[in-house]
Amino acid sequence: MAVERTFSILKPDATRRNLTGKINAKLEESGLRIVAQRRVQLTRTQAEGFYAVHKARPFFNDLCAFMISGPVVLQVLEGENAVAKYRDVMGATNPANAAPGTIRKEFAESIEANSVHGSDSLDNAAQEIAYFFSQCEIVG
């Protein structure tokens, strides 16, 4: 098994409800380590750049508006098969379809306000991490 890094965002709905500690506890209990973390208020430009892959989709503007509606917590997670592990811990995008015990089942308010974002592949994880963090900010 390979030690990997993946990217995570605790979304505005989670920070608004003070769920950062509870979500971080779930991450650590699953074996993931938080090797970089900071709380920020995204700008519209940052949100649009980060979600540029969805620019042509009908939900793009609403997604960007939601992501700038409050602070987020940006994270780099590290662990064995971190990308797949984090996706399992997050649960399905639609909280109604998420497995019991997952972050989205326990904390999400809706499909959009689903508390967390996570990379879906190693390549995307590397791009997403580099979008928000320099190498010197990641402490393993």
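Residues numbered from 1 in each chain as written. Predicted model: local features only at pLDDT ≥ 70, side-chain atom pairs only at ≥ 80, totals over all residues. Heavy atoms only, no water.

Draft legend 1. Region of interest: the packing of aromatic side chains. Counted by the stated rule, this structure contains six aromatic pairs. With 5.6 Å between their ring centres and 5° between their planes, phenylalanine 7 and phenylalanine 132 make a pair best called stacked. One end of the pair, phenylalanine 7, is in strand β1 (residues 3-10); the other, phenylalanine 132, is in helix α7 (residues 122-132), with 125 residues separating them in the sequence. The same class applies to phenylalanine 7 as to phenylalanine 132, namely buried. Ring plane angle 80° and centroid distance 4.8 Å describe the contact between tyrosine 131 and phenylalanine 132, whose orientation is recorded as edge-to-face. On the basis of relative accessible area, tyrosine 131 is assigned to the partly exposed category, the value being 37%. (Phe/Tyr/Trp six-rings, centres within 6.5 Å; stacked < 30°, edge-to-face > 60°. Helix = DSSP H or I, 4+ residues; strand = E, 2+ residues; numbered from the N terminus. Buried < 20%, exposed > 50% of the residue type's maximum accessible area, 1.4 Å probe, protein only.)

Draft legend 2. Expanded view of the side chain of aspartate 13. The residue aspartate 13 is located in helix α1 (residues 12-16) in this model. Judged by its relative accessible area of 1%, aspartate 13 falls in the buried class. Polar side-chain contacts of aspartate 13 include one of 2.9 Å to the side chain of serine 115. Once residues lying within four places of it in the same chain are set aside, the contact partners of aspartate 13 are Phe66, Phe107, Glu109, Ala113, Asn114 and Ser115. (Polar contact = N/O pair within 3.5 Å; in protein donor to acceptor, adjacent residues only side chain to side chain. Contact = heavy atoms within 4.5 Å.)

Draft legend 3. Inspection of the pairing of β1 at higher detail. Within β1, six of the eight residues are buried, leaving the element largely enclosed by the surrounding structure. Strand direction decides the pairing type here: β1 and strand β3 (residues 72-80), joined by eight bridges, are antiparallel. Counted as the bridge partner of arginine 5 is glutamate 78 from β3. Here three bridges tie β1 to strand β4 (residues 116-118), and the two strands are oriented antiparallel to one another. Within the sheet, the bridge partner assigned to serine 8 lies in β4 and is glycine 118. (Pairing = 2+ DSSP bridges.)

Draft legend 4. How the structure looks around the pattern of salt bridges. According to the stated counting rule, one finds eight salt bridges in the structure shown. Across the salt bridge formed by lysine 26 and glutamate 106, the nearest N and O atoms sit 3.1 Å from each other. Residue lysine 26 is found in helix α2 (residues 20-29), and its partner glutamate 106 is found in helix α6 (residues 103-107); the two are separated by 80 residues along the sequence. Judged by relative accessible area, which is 18%, lysine 26 ranks as buried. A salt bridge links glutamate 137 to arginine 38, with the shortest nitrogen-to-oxygen separation between them at 3.2 Å. Of this pair, glutamate 137 sits in the segment after α7 while arginine 38 sits in strand β2 (residues 33-40); the two residues are 99 residues apart in sequence, bridging distant segments of the chain. Assessed through its relative accessible area of 35%, glutamate 137 is described here as partly exposed. Shared partners join several salt bridges into a network, and the residues in it are Asp13, Arg16, Arg17 and Glu109. (Salt bridge = Lys/Arg side-chain N within 4 Å of Asp/Glu carboxyl O.)

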